[in-house]
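# A closer look at the structure
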Amino acid sequence: MDRREFLKQLAAFSAVAGAGRMVMPQELWAMSPQEKPQAVLAKAQGTNYAQITGEAIQALGGMKKFVNPGEVVVVKPNMAWDRAPELAANAHPDVVRQVVELCLQAGAKKVKVLDHTCHDARKAYKNSGIQDAVAGLKDKRAVVEFVDPRGFVEVKVAGAKALKKWYFYKEILEADRFINIPIAKQHAESRLTMCLKNMMGAIGGWRGRIHVGLHQNIADMNLILRPDLHVLDATRILVANGPSGGRKEDVRVKNLVFAGPDPVALDAYGTTLFELKPGDIGYIAKAFEAGRGEMDLKKIKVLSS
């Protein structure tokens, strides 16, 4: 059963969060392993980053499996930092551009690229290379938008252990499809940041508060924020001084892209890039406990392009 069919079957049990994204209730988190679909991710390697991004998504069945004609898609790359692409603080612009282009080819009515940045948004968008990469498509349906501080809405987080309610970006909640593009890197507080942690760029409020009990809060926010597809950029990874980096000597070139619908599985697999185990990262274990995905590497099917 593919993810879309799985969500359709769960729809009768779903609660609406904010303005439209699904939240699984407690009784569904406790589904037995026999009832849950197998975690699947795709892996592609090479020096042409646009090409391997397309290959990873194609291995999953192609973008048309995730985006339907006429839909509005929000693409949220990590572009939070005023850093050039070679410093590995943000998603690579070639990866982001390819994802956007594939959405357009799938018939998306509009593709909005955005992030709630940490550094000045104008500098981060420009110097990450992402703004120019998307503009280079020369398609009016693809736009890079700055986050509007007035656009966050307070949402109760059903089943949360710590983050009972918080402020989430309305445009993400209302989008027909939501695609997450994190970069794999070291993080001073959470140890690593990948798919689950990248959702910090989709929330508002005082984000300093989120860092108190950070691992549980990350797991809780991912009960509301449920991207249809995650594309994990490991073309180059940051192994020290994350998340903002700034030194080329902290970057390791891996030439890898991973993709899949399960953020826990992707993050679990991503830990191996840093010679760690999934259980070493608190939010991965807590998101697994909340039913957001699979962390047992033996139960994750890896498709290679």
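Residues numbered from 1 in each chain as written. Predicted model: local features only at pLDDT ≥ 70, side-chain atom pairs only at ≥ 80, totals over all residues. Heavy atoms only, no water.

## Focus: the packing of aromatic side chains
So the rule is basically this: In summary, the pairing rule links any two rings of Phe, Tyr or Trp, Trp by its six-membered ring, whose centres are within 6.5 Å, and it sorts them by plane angle into stacked for under 30 degrees, edge-to-face for over 60 and tilted for everything else. Numbered from the N terminus, helices here are DSSP runs of H or I no shorter than four residues, and strands are runs of E no shorter than two. Residue exposure (1.4 Å probe, protein chains only): buried if accessible area is under 20% of the type maximum, exposed if over 50%, otherwise partly exposed.
Tallied over the full model, the rule gives 4 aromatic pairs. Aromatic side chains F152 and Y169 sit 4.9 Å apart centroid to centroid with 50 degrees between the ring planes, which places their arrangement in the tilted category. Taken as a pair, F152 in strand β7 (residues 152-156) and Y169 in strand β8 (residues 165-169) lie far apart in primary sequence, 17 residues in all. Taking relative accessible area as the criterion, F152 reaches 15% and is therefore assigned buried. A residue is classified by how much of its surface remains accessible, and Y169, at 3% relative accessible area, is buried. Here the aromatic rings of W166 and Y167 are separated by 6.3 Å at their centres, their planes lie at 65 degrees, and the arrangement is edge-to-face. Judged by its relative accessible area of 11%, W166 falls in the buried class. A relative accessible area of 34% places Y167 in the partly exposed class.

## Focus: unusual backbone geometry
Residue P243 is reached from G242 by a cis peptide bond, and omega for that bond is 10 degrees. Note on placement: P243 falls in the loop between β12 (229-238) and β13 (251-260). Although it is not a glycine, A88 sits at a positive phi angle of roughly 60 degrees. Mapped onto the elements, A88 comes out in the loop between β4 (72-77) and α4 (93-105). A positive phi angle, near 55 degrees, is found at K138, a position not held by glycine. Residue classification places K138 among the exposed positions, given a relative accessible area of 76%.

Everything listed is a geometric property; what it means functionally is a separate question.
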